[in-house]
Amino acid sequence: MNQPLPSACATTLSVTPSATIRQRGQHEVFCGLTSIIWLHRKVQDAFFLVVGSRTCAHLMQSAAGVMIFSEPRFATAIMEERDLAGMADMHDELDQVVARLLERRPDIRMLVLVGSCPSEVIKFDLTRAAGRLNAHYAPRRRVIAYSGSGIETTFTQGEDNFLAALVADQTTVPAARSAAKLVVAGCLADVVEDQFSRLFAALGLQDIVFLPGRKAIDGLTIGPDTRYVLAQPYLGATATALEARGAQRIDAISPLGGEGTTAWLGAIAHAFGVNPARLESVIAQPRKRAEQAMQHYRPWLDGKRIFLFPDSQLEPSLARYLHQELGAEIVEVGSPYLHREHIAGELALLPPGVAISEGQDVDVQIDRCRQAQPDLIVCGLGLANPFEAEGRITKWSIEFAFTPIQGFEQAGDLAELFARPLVRHRMLTGRSRHQEAAP
Ligand code: SF4
(Lines give C-alpha, C1' and ligand atoms only; values in the text may rest on other atoms or scores of the structure.)
Protein backbone atom coordinates (compact mmCIF):
# COMPACT_ATOMS: atom_id res chain seq x y z
CA MET A 1 0.00 0.00 0.00
CA ASN A 2 2.97 2.29 -0.30
CA GLN A 3 3.11 3.59 -3.84
CA PRO A 4 4.56 6.82 -5.15
CA LEU A 5 1.92 9.48 -5.65
CA PRO A 6 1.28 10.83 -9.13
CA SER A 7 2.11 14.47 -8.34
CA ALA A 8 5.56 15.30 -9.59
CA CYS A 9 7.00 18.27 -7.77
CA ALA A 10 10.02 18.44 -5.57
CA THR A 11 9.67 18.24 -1.80
CA THR A 12 11.11 21.07 0.19
CA LEU A 13 11.76 21.68 3.86
CA SER A 14 11.62 25.45 3.53
CA VAL A 15 7.99 26.51 3.69
CA THR A 16 6.90 29.80 2.18
CA PRO A 17 3.75 31.35 3.66
CA SER A 18 0.64 29.39 2.61
CA ALA A 19 2.63 27.62 -0.12
CA THR A 20 1.54 24.13 -1.06
CA ILE A 21 4.22 21.52 -0.50
CA ARG A 22 3.68 18.88 -3.18
CA GLN A 23 5.26 15.59 -2.20
CA ARG A 24 6.04 12.42 -4.06
CA GLY A 25 7.46 9.30 -2.44
CA GLN A 26 6.62 6.68 0.15
CA HIS A 27 3.26 7.31 1.75
CA GLU A 28 1.55 5.69 4.69
CA VAL A 29 -2.17 5.72 3.96
CA PHE A 30 -5.02 3.23 3.50
CA CYS A 31 -6.36 2.22 0.11
CA GLY A 32 -9.99 2.95 -0.81
CA LEU A 33 -11.22 -0.51 0.24
CA THR A 34 -11.20 0.69 3.85
CA SER A 35 -14.20 2.95 3.25
CA ILE A 36 -16.35 -0.19 2.95
CA ILE A 37 -16.13 -0.43 6.75
CA TRP A 38 -18.37 2.60 7.27
CA LEU A 39 -20.29 2.39 3.97
CA HIS A 40 -21.69 -1.09 4.66
CA ARG A 41 -23.00 0.06 8.04
CA LYS A 42 -24.74 3.03 6.45
CA VAL A 43 -26.36 1.43 3.39
CA GLN A 44 -28.32 -1.35 5.01
CA ASP A 45 -29.52 -3.14 1.88
CA ALA A 46 -26.07 -3.30 0.25
CA PHE A 47 -23.37 -5.98 0.14
CA PHE A 48 -19.81 -5.05 -0.87
CA LEU A 49 -17.95 -7.79 -2.72
CA VAL A 50 -14.26 -7.00 -3.14
CA VAL A 51 -12.73 -8.75 -6.14
CA GLY A 52 -9.14 -9.03 -5.00
CA SER A 53 -6.41 -10.99 -3.32
CA ARG A 54 -5.76 -12.41 0.14
CA THR A 55 -3.97 -9.15 0.93
CA CYS A 56 -7.25 -7.29 0.38
CA ALA A 57 -9.13 -9.78 2.58
CA HIS A 58 -6.51 -9.37 5.33
CA LEU A 59 -6.79 -5.59 5.11
CA MET A 60 -10.56 -5.75 5.47
CA GLN A 61 -10.29 -8.10 8.45
CA SER A 62 -7.76 -5.87 10.19
CA ALA A 63 -9.64 -2.65 9.51
CA ALA A 64 -13.02 -4.09 10.50
CA GLY A 65 -11.74 -5.33 13.86
CA VAL A 66 -14.46 -7.02 15.91
CA MET A 67 -17.02 -6.24 13.18
CA ILE A 68 -15.90 -9.31 11.24
CA PHE A 69 -17.63 -11.48 13.86
CA SER A 70 -21.05 -9.89 13.26
CA GLU A 71 -21.76 -11.29 9.78
CA PRO A 72 -20.93 -8.01 8.06
CA ARG A 73 -22.23 -7.19 4.60
CA PHE A 74 -18.88 -7.37 2.87
CA ALA A 75 -16.57 -10.12 1.67
CA THR A 76 -13.68 -10.75 -0.70
CA ALA A 77 -13.88 -12.92 -3.81
CA ILE A 78 -10.25 -14.05 -3.79
CA MET A 79 -8.55 -14.31 -7.16
CA GLU A 80 -6.44 -17.48 -7.41
CA GLU A 81 -3.37 -18.22 -9.52
CA ARG A 82 -5.45 -19.74 -12.34
CA ASP A 83 -7.49 -16.52 -12.51
CA LEU A 84 -4.36 -14.40 -12.72
CA ALA A 85 -2.84 -16.74 -15.30
CA GLY A 86 -5.90 -16.42 -17.54
CA MET A 87 -6.74 -20.14 -17.18
CA ALA A 88 -10.28 -19.38 -15.98
CA ASP A 89 -12.92 -17.04 -17.34
CA MET A 90 -13.16 -14.43 -14.59
CA HIS A 91 -16.64 -13.36 -15.65
CA ASP A 92 -17.96 -16.93 -15.38
CA GLU A 93 -16.31 -17.34 -11.98
CA LEU A 94 -17.73 -14.06 -10.72
CA ASP A 95 -21.22 -14.94 -11.96
CA GLN A 96 -21.09 -18.18 -9.97
CA VAL A 97 -19.86 -16.45 -6.80
CA VAL A 98 -22.59 -13.80 -7.10
CA ALA A 99 -25.31 -16.40 -7.72
CA ARG A 100 -24.25 -18.36 -4.61
CA LEU A 101 -24.04 -15.20 -2.53
CA LEU A 102 -27.45 -13.86 -3.54
CA GLU A 103 -29.05 -17.24 -2.99
CA ARG A 104 -27.67 -17.37 0.55
CA ARG A 105 -28.44 -13.72 1.35
CA PRO A 106 -31.88 -12.86 -0.11
CA ASP A 107 -31.92 -9.66 1.99
CA ILE A 108 -29.28 -8.08 -0.29
CA ARG A 109 -30.92 -5.50 -2.56
CA MET A 110 -27.77 -3.86 -3.90
CA LEU A 111 -24.57 -5.71 -4.77
CA VAL A 112 -21.47 -3.55 -5.01
CA LEU A 113 -18.48 -5.00 -6.86
CA VAL A 114 -15.33 -3.33 -5.59
CA GLY A 115 -12.20 -3.36 -7.74
CA SER A 116 -8.75 -3.84 -6.15
CA CYS A 117 -5.13 -3.65 -7.29
CA PRO A 118 -5.07 -7.26 -8.59
CA SER A 119 -8.35 -6.95 -10.50
CA GLU A 120 -7.18 -3.69 -12.02
CA VAL A 121 -3.73 -4.98 -12.95
CA ILE A 122 -5.25 -7.82 -14.96
CA LYS A 123 -7.83 -5.36 -16.37
CA PHE A 124 -10.87 -7.22 -15.11
CA ASP A 125 -13.70 -4.92 -16.21
CA LEU A 126 -16.05 -4.86 -13.21
CA THR A 127 -18.25 -2.15 -14.71
CA ARG A 128 -19.02 -4.45 -17.59
CA ALA A 129 -19.61 -7.32 -15.18
CA ALA A 130 -22.03 -5.12 -13.17
CA GLY A 131 -23.92 -4.25 -16.37
CA ARG A 132 -24.25 -7.93 -17.26
CA LEU A 133 -25.37 -8.89 -13.74
CA ASN A 134 -27.84 -6.01 -13.68
CA ALA A 135 -29.47 -7.32 -16.84
CA HIS A 136 -30.08 -10.52 -14.90
CA TYR A 137 -30.99 -9.23 -11.41
CA ALA A 138 -32.56 -5.73 -11.89
CA PRO A 139 -34.97 -4.26 -10.94
CA ARG A 140 -35.30 -6.39 -7.80
CA ARG A 141 -31.61 -6.06 -7.19
CA ARG A 142 -29.15 -3.43 -8.23
CA VAL A 143 -25.51 -4.17 -9.15
CA ILE A 144 -22.90 -1.42 -9.39
CA ALA A 145 -19.09 -1.36 -9.49
CA TYR A 146 -16.34 1.02 -8.43
CA SER A 147 -12.62 0.94 -7.74
CA GLY A 148 -11.20 0.93 -4.22
CA SER A 149 -7.69 -0.08 -5.28
CA GLY A 150 -4.55 1.33 -3.73
CA ILE A 151 -3.29 2.19 -7.22
CA GLU A 152 -6.15 4.60 -7.81
CA THR A 153 -7.57 5.54 -4.44
CA THR A 154 -6.55 6.67 -0.98
CA PHE A 155 -8.85 5.87 1.97
CA THR A 156 -11.95 8.11 1.65
CA GLN A 157 -11.65 8.21 -2.14
CA GLY A 158 -13.26 4.76 -2.02
CA GLU A 159 -16.44 6.44 -0.75
CA ASP A 160 -16.10 9.07 -3.45
CA ASN A 161 -15.95 6.42 -6.19
CA PHE A 162 -18.88 4.52 -4.63
CA LEU A 163 -21.09 7.62 -4.54
CA ALA A 164 -20.10 8.58 -8.10
CA ALA A 165 -21.14 5.08 -9.24
CA LEU A 166 -24.45 5.42 -7.36
CA VAL A 167 -25.13 8.76 -9.06
CA ALA A 168 -24.26 7.46 -12.53
CA ASP A 169 -26.33 4.27 -12.22
CA GLN A 170 -29.91 4.59 -13.45
CA THR A 171 -31.02 0.98 -13.51
CA THR A 172 -33.52 1.18 -10.66
CA VAL A 173 -34.91 4.71 -10.87
CA PRO A 174 -38.73 4.56 -10.74
CA ALA A 175 -40.11 6.35 -13.82
CA ALA A 176 -42.60 8.57 -11.99
CA ARG A 177 -40.41 9.67 -9.06
CA SER A 178 -40.01 13.42 -8.64
CA ALA A 179 -36.55 14.98 -8.65
CA ALA A 180 -34.67 15.78 -5.45
CA LYS A 181 -34.43 19.48 -4.58
CA LEU A 182 -31.32 19.02 -2.46
CA VAL A 183 -28.79 16.18 -2.46
CA VAL A 184 -26.60 16.05 0.67
CA ALA A 185 -23.53 14.18 -0.56
CA GLY A 186 -21.24 12.34 1.84
CA CYS A 187 -21.69 9.43 4.21
CA LEU A 188 -23.04 10.65 7.56
CA ALA A 189 -23.81 8.61 10.66
CA ASP A 190 -27.55 7.97 11.06
CA VAL A 191 -27.70 10.18 14.15
CA VAL A 192 -26.19 13.09 12.20
CA GLU A 193 -28.50 12.52 9.23
CA ASP A 194 -31.49 12.60 11.60
CA GLN A 195 -30.34 15.85 13.20
CA PHE A 196 -29.84 17.53 9.82
CA SER A 197 -33.24 16.21 8.64
CA ARG A 198 -34.91 17.89 11.62
CA LEU A 199 -33.08 21.17 10.95
CA PHE A 200 -34.03 21.08 7.24
CA ALA A 201 -37.67 20.42 8.17
CA ALA A 202 -37.62 23.37 10.59
CA LEU A 203 -36.26 25.53 7.76
CA GLY A 204 -39.15 24.40 5.54
CA LEU A 205 -36.93 22.49 3.10
CA GLN A 206 -38.37 19.39 1.43
CA ASP A 207 -37.42 16.70 -1.11
CA ILE A 208 -33.97 16.17 0.36
CA VAL A 209 -31.94 13.08 -0.46
CA PHE A 210 -28.96 11.95 1.59
CA LEU A 211 -26.31 10.28 -0.53
CA PRO A 212 -25.76 7.52 0.45
CA GLY A 213 -29.04 6.85 2.22
CA ARG A 214 -29.89 3.91 4.44
CA LYS A 215 -31.58 2.19 1.49
CA ALA A 216 -29.91 2.33 -1.90
CA ILE A 217 -32.13 0.14 -4.05
CA ASP A 218 -33.87 3.16 -5.61
CA GLY A 219 -31.65 5.28 -7.83
CA LEU A 220 -31.35 9.03 -7.59
CA THR A 221 -33.61 11.38 -9.58
CA ILE A 222 -32.11 14.73 -10.54
CA GLY A 223 -33.99 17.56 -12.26
CA PRO A 224 -33.10 21.03 -13.57
CA ASP A 225 -33.59 22.59 -10.10
CA THR A 226 -31.60 20.01 -8.12
CA ARG A 227 -28.88 21.51 -5.94
CA TYR A 228 -26.28 19.54 -4.05
CA VAL A 229 -24.08 20.29 -1.05
CA LEU A 230 -21.05 18.34 0.16
CA ALA A 231 -21.24 17.06 3.73
CA GLN A 232 -17.73 15.58 3.29
CA PRO A 233 -14.88 17.46 1.58
CA TYR A 234 -13.35 14.53 -0.34
CA LEU A 235 -16.01 14.03 -3.02
CA GLY A 236 -14.46 15.28 -6.25
CA ALA A 237 -15.70 12.41 -8.46
CA THR A 238 -19.16 12.50 -6.88
CA ALA A 239 -19.42 16.25 -7.53
CA THR A 240 -18.43 15.70 -11.15
CA ALA A 241 -21.02 12.90 -11.52
CA LEU A 242 -23.78 15.04 -9.96
CA GLU A 243 -22.92 17.99 -12.20
CA ALA A 244 -22.86 15.73 -15.25
CA ARG A 245 -26.51 15.00 -14.49
CA GLY A 246 -27.35 18.69 -14.10
CA ALA A 247 -27.20 19.27 -10.33
CA GLN A 248 -25.67 22.56 -9.18
CA ARG A 249 -23.30 22.80 -6.22
CA ILE A 250 -23.97 24.94 -3.17
CA ASP A 251 -20.57 26.24 -2.11
CA ALA A 252 -20.02 25.73 1.64
CA ILE A 253 -17.39 24.75 4.16
CA SER A 254 -17.76 21.42 5.98
CA PRO A 255 -20.34 21.21 8.79
CA LEU A 256 -17.78 20.74 11.57
CA GLY A 257 -18.17 22.65 14.84
CA GLY A 258 -20.56 25.48 15.63
CA GLU A 259 -19.18 27.94 13.06
CA GLY A 260 -18.78 25.33 10.34
CA THR A 261 -22.31 23.96 10.78
CA THR A 262 -23.75 27.48 10.89
CA ALA A 263 -21.96 28.40 7.65
CA TRP A 264 -22.99 25.13 5.96
CA LEU A 265 -26.67 25.49 6.88
CA GLY A 266 -26.49 29.21 6.04
CA ALA A 267 -25.27 28.47 2.51
CA ILE A 268 -28.11 25.95 2.00
CA ALA A 269 -30.72 28.32 3.46
CA HIS A 270 -29.46 31.15 1.22
CA ALA A 271 -29.62 28.93 -1.89
CA PHE A 272 -33.28 28.13 -1.17
CA GLY A 273 -34.29 31.67 -0.17
CA VAL A 274 -34.97 30.90 3.52
CA ASN A 275 -35.54 34.05 5.56
CA PRO A 276 -32.36 34.78 7.61
CA ALA A 277 -34.48 35.42 10.72
CA ARG A 278 -36.00 31.95 10.40
CA LEU A 279 -32.54 30.41 10.01
CA GLU A 280 -31.34 32.25 13.10
CA SER A 281 -34.29 31.10 15.20
CA VAL A 282 -33.82 27.47 14.09
CA ILE A 283 -30.08 27.28 14.80
CA ALA A 284 -29.76 29.58 17.84
CA GLN A 285 -30.22 26.88 20.49
CA PRO A 286 -28.18 24.06 18.89
CA ARG A 287 -25.39 26.51 18.09
CA LYS A 288 -25.33 27.63 21.73
CA ARG A 289 -25.14 24.00 22.85
CA ALA A 290 -22.22 23.44 20.45
CA GLU A 291 -20.35 26.47 21.78
CA GLN A 292 -20.87 25.40 25.39
CA ALA A 293 -19.69 21.86 24.64
CA MET A 294 -16.56 23.13 22.85
CA GLN A 295 -15.85 25.62 25.62
CA HIS A 296 -15.20 22.71 27.94
CA TYR A 297 -12.27 21.51 25.79
CA ARG A 298 -10.96 24.84 24.50
CA PRO A 299 -8.42 25.34 27.34
CA TRP A 300 -6.73 22.11 26.27
CA LEU A 301 -6.33 23.19 22.66
CA ASP A 302 -6.10 26.99 22.73
CA GLY A 303 -2.63 27.96 21.49
CA LYS A 304 -1.53 24.35 20.99
CA ARG A 305 0.61 23.74 17.89
CA ILE A 306 -0.87 20.94 15.77
CA PHE A 307 0.64 19.05 12.83
CA LEU A 308 -1.75 17.02 10.62
CA PHE A 309 -0.38 14.20 8.45
CA PRO A 310 -2.32 13.29 5.27
CA ASP A 311 -4.97 10.61 5.69
CA SER A 312 -8.58 11.27 4.72
CA GLN A 313 -8.75 14.69 2.98
CA LEU A 314 -10.69 15.86 6.04
CA GLU A 315 -7.51 17.56 7.24
CA PRO A 316 -8.10 21.11 5.85
CA SER A 317 -11.61 21.11 7.38
CA LEU A 318 -10.30 19.80 10.72
CA ALA A 319 -7.53 22.41 10.68
CA ARG A 320 -10.07 25.18 10.03
CA TYR A 321 -12.18 23.91 12.95
CA LEU A 322 -9.20 23.62 15.30
CA HIS A 323 -7.95 27.10 14.47
CA GLN A 324 -11.19 29.04 14.15
CA GLU A 325 -13.22 27.41 16.92
CA LEU A 326 -10.65 26.16 19.42
CA GLY A 327 -7.79 28.62 18.99
CA ALA A 328 -5.17 26.04 17.97
CA GLU A 329 -2.13 27.01 15.94
CA ILE A 330 -1.76 24.89 12.81
CA VAL A 331 1.81 23.99 11.90
CA GLU A 332 1.14 21.93 8.76
CA VAL A 333 -1.99 20.54 7.12
CA GLY A 334 -1.28 17.42 5.06
CA SER A 335 -3.86 15.98 2.70
CA PRO A 336 -3.57 13.07 0.23
CA TYR A 337 -5.19 15.30 -2.42
CA LEU A 338 -6.47 18.85 -2.45
CA HIS A 339 -9.73 19.57 -4.25
CA ARG A 340 -8.89 23.25 -4.17
CA GLU A 341 -12.30 24.40 -5.39
CA HIS A 342 -14.14 22.45 -2.71
CA ILE A 343 -11.92 23.47 0.20
CA ALA A 344 -11.27 27.07 -0.84
CA GLY A 345 -13.51 28.31 2.01
CA GLU A 346 -11.62 26.27 4.62
CA LEU A 347 -8.20 27.41 3.40
CA ALA A 348 -9.33 31.04 3.38
CA LEU A 349 -10.13 30.76 7.12
CA LEU A 350 -6.63 29.55 8.02
CA PRO A 351 -4.09 32.23 8.87
CA PRO A 352 -1.39 33.11 6.31
CA GLY A 353 1.78 31.10 6.80
CA VAL A 354 0.17 27.74 7.48
CA ALA A 355 1.98 25.09 5.46
CA ILE A 356 -0.35 23.06 3.25
CA SER A 357 1.05 19.78 1.91
CA GLU A 358 -0.45 17.56 -0.78
CA GLY A 359 0.66 13.95 -1.17
CA GLN A 360 3.44 12.51 0.95
CA ASP A 361 7.08 11.65 1.16
CA VAL A 362 6.74 10.21 4.64
CA ASP A 363 10.37 10.33 5.83
CA VAL A 364 10.77 13.95 4.78
CA GLN A 365 7.46 14.83 6.41
CA ILE A 366 8.48 13.09 9.64
CA ASP A 367 11.67 15.18 9.64
CA ARG A 368 9.60 18.34 9.17
CA CYS A 369 7.33 17.32 12.01
CA ARG A 370 10.19 16.58 14.40
CA GLN A 371 11.82 19.88 13.51
CA ALA A 372 8.57 21.78 14.23
CA GLN A 373 8.10 20.10 17.67
CA PRO A 374 4.27 20.33 17.66
CA ASP A 375 2.18 19.81 20.80
CA LEU A 376 -0.09 17.33 19.02
CA ILE A 377 0.44 15.19 15.91
CA VAL A 378 -2.62 13.91 14.00
CA CYS A 379 -1.52 10.80 12.08
CA GLY A 380 -2.24 7.17 11.23
CA LEU A 381 -1.52 4.26 13.57
CA GLY A 382 1.60 3.33 11.60
CA LEU A 383 3.21 6.57 12.79
CA ALA A 384 1.39 7.17 16.07
CA ASN A 385 3.12 4.68 18.37
CA PRO A 386 6.64 5.42 17.06
CA PHE A 387 5.98 9.13 17.68
CA GLU A 388 4.62 8.34 21.16
CA ALA A 389 7.80 6.36 21.86
CA GLU A 390 9.72 9.59 21.14
CA GLY A 391 7.67 11.32 23.84
CA ARG A 392 5.35 13.13 21.41
CA ILE A 393 1.56 13.29 21.76
CA THR A 394 -0.50 11.90 18.88
CA LYS A 395 -4.10 11.58 17.78
CA TRP A 396 -5.01 8.60 15.58
CA SER A 397 -6.58 10.16 12.48
CA ILE A 398 -8.79 7.26 11.29
CA GLU A 399 -11.20 8.03 14.13
CA PHE A 400 -12.38 11.15 12.30
CA ALA A 401 -13.68 8.93 9.49
CA PHE A 402 -15.46 6.48 11.82
CA THR A 403 -16.88 8.80 14.48
CA PRO A 404 -19.96 11.03 14.06
CA ILE A 405 -18.33 14.50 14.04
CA GLN A 406 -20.57 16.66 11.83
CA GLY A 407 -23.26 19.02 13.08
CA PHE A 408 -23.93 21.10 16.18
CA GLU A 409 -24.53 18.21 18.57
CA GLN A 410 -21.19 16.57 17.72
CA ALA A 411 -19.07 19.76 17.98
CA GLY A 412 -18.07 18.98 21.56
CA ASP A 413 -17.33 15.31 20.74
CA LEU A 414 -15.00 16.45 17.96
CA ALA A 415 -13.15 18.76 20.33
CA GLU A 416 -12.90 15.91 22.83
CA LEU A 417 -11.24 13.68 20.20
CA PHE A 418 -8.40 16.20 19.92
CA ALA A 419 -8.24 16.99 23.64
CA ARG A 420 -8.26 13.34 24.78
CA PRO A 421 -4.58 12.54 24.13
CA LEU A 422 -3.54 15.79 25.84
CA VAL A 423 -5.74 14.94 28.84
CA ARG A 424 -4.34 11.41 28.93
CA HIS A 425 -0.79 12.73 28.78
CA ARG A 426 -1.52 14.99 31.74
CA MET A 427 -3.00 12.12 33.74
CA LEU A 428 0.02 9.93 33.02
CA THR A 429 2.64 12.57 33.69
CA GLY A 430 0.84 14.61 36.34
CA ARG A 431 1.72 17.83 34.51
CA SER A 432 -0.94 20.52 34.29
CA ARG A 433 -2.14 21.74 30.94
CA HIS A 434 -0.61 25.13 31.73
CA GLN A 435 2.75 23.52 32.25
CA GLU A 436 2.27 21.60 29.01
CA ALA A 437 1.36 24.77 27.15
CA ALA A 438 4.64 26.30 28.23
CA PRO A 439 7.57 25.74 25.86
S1 SF4 B 1 -6.63 -3.02 -3.05
FE2 SF4 B 1 -4.43 -2.97 -3.35
S3 SF4 B 1 -3.66 -1.66 -1.68
FE4 SF4 B 1 -5.75 -2.30 -1.11
S5 SF4 B 1 -5.47 -4.18 0.11
FE6 SF4 B 1 -5.83 -4.84 -2.02
S7 SF4 B 1 -3.73 -5.05 -2.85
FE8 SF4 B 1 -3.53 -3.80 -0.98
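Each remark here, short or long, concerns the structure printed above.
Below you will find a few notes about this structure. Just so it is clear, the structure is predicted and the values come from calculations on it, not from any experiment.

**Regarding the environment of V112**
For V112, the location among the structural elements is in strand 4 (residues 110-115). Taking the C-alpha atoms as reference points, V112 and L166, separated by 54 residues in sequence, lie 9.7 Å from one another. Those residues in contact with V112 that sit more than four places away from it in its chain are A46, F47, F48, L49, I144, Y146 and F162.

**Here's the deal with the pairing of strand 6 (residues 180-185)**
A regular strand carries its side chains on alternate faces of the sheet. With 5 of 6 residues buried, strand 6 lies mostly within the body of the structure. Of the pairings in the sheet, the one linking strand 6 to strand 8 (residues 222-230) comprises 5 bridges and is parallel in character. Across the sheet, A180 pairs through a bridge with I222, a residue of strand 8. As a crossover connection, the stretch from strand 6 through helix 8 (residues 190-202) into strand 7 (residues 208-211) is right-handed.

**Section: helix 14 (residues 362-372)**
Among the residues of helix 14, those classed as buried are V362, Q365, I366, R368 and C369. Down the axis of helix 14, the smallest arc covering the buried residues is 160 degrees, so these residues share one side. Relative to its buried face, helix 14 has exposed residues pointing more than 90 degrees away, namely D363 and Q371. For helix 14, the elements touching its buried residues are strand 1 (20-23), strand 10 (305-308), strand 11 (329-335), strand 12 (355-359), strand 13 (376-379) and helix 15 (381-389). Q373, located one to two residues past helix 14, shows a positive phi value of around 50 degrees.

**Some remarks on the packing of helix 4 (residues 90-104) against helix 6 (residues 126-137)**
The relative placement of two packed helices is expressed as an angle between their axes plus a distance between the axes. Running from amino to carboxyl end, helix 4 crosses helix 6 at an angle of 45 degrees, the nearest separation of the two axes being 11 Å. Considering the angle they form, helix 4 stands oblique to helix 6. In terms of crossing hand, the pair formed by helix 4 and helix 6 is right-handed. Residues H91, L94, D95, V98, A99 and L102 of helix 4 form the contact with helix 6, whose own contacting residues are L126, R128, A129, R132, L133 and Y137. Among the residues forming the contact of helix 4 with helix 6, the class breakdown is 8 nonpolar, 1 polar and 3 charged.

**A look at the pattern of salt bridges**
For the structure shown, the criterion picks out 25 salt bridges. With a shortest N-O distance of 2.6 Å, D169 and R142 are connected by a salt bridge. Of the two residues, D169 sits in the loop between helix 7 (157-168) and strand 6 while R142 sits in strand 5 (residues 142-147), which places them 27 residues apart along the sequence. In this pair, the class of D169 matches that of R142, namely buried. Residues K181 and D207 are paired through a salt bridge, measuring 3.3 Å at the closest nitrogen-oxygen approach.

Thresholds applied
- Residues numbered from 1 in each chain as written.
- Predicted model: local features only at pLDDT ≥ 70, side-chain atom pairs only at ≥ 80, totals over all residues.
- Heavy atoms only, no water.
- Helix = DSSP H or I, 4+ residues; strand = E, 2+ residues; numbered from the N terminus.
- Contact = heavy atoms within 4.5 Å.
- Buried < 20%, exposed > 50% of the residue type's maximum accessible area, 1.4 Å probe, protein only.
- Pairing = 2+ DSSP bridges.
- Right-handed = clockwise from strand over helix to strand, strands pointing away.
- Arc of directions from axis to C-beta.
- Axes fitted to C-alpha atoms, helices over the stretch in contact; angles between N-to-C directions.
- Parallel < 35°, antiparallel > 145°, perpendicular 65-115°, else oblique.
- Left-handed = near helix turned anticlockwise from the far one by under 90°.
- Nonpolar A, V, L, I, M, F, W, Y, C, P; charged D, E, K, R; others polar.
- Salt bridge = Lys/Arg side-chain N within 4 Å of Asp/Glu carboxyl O.

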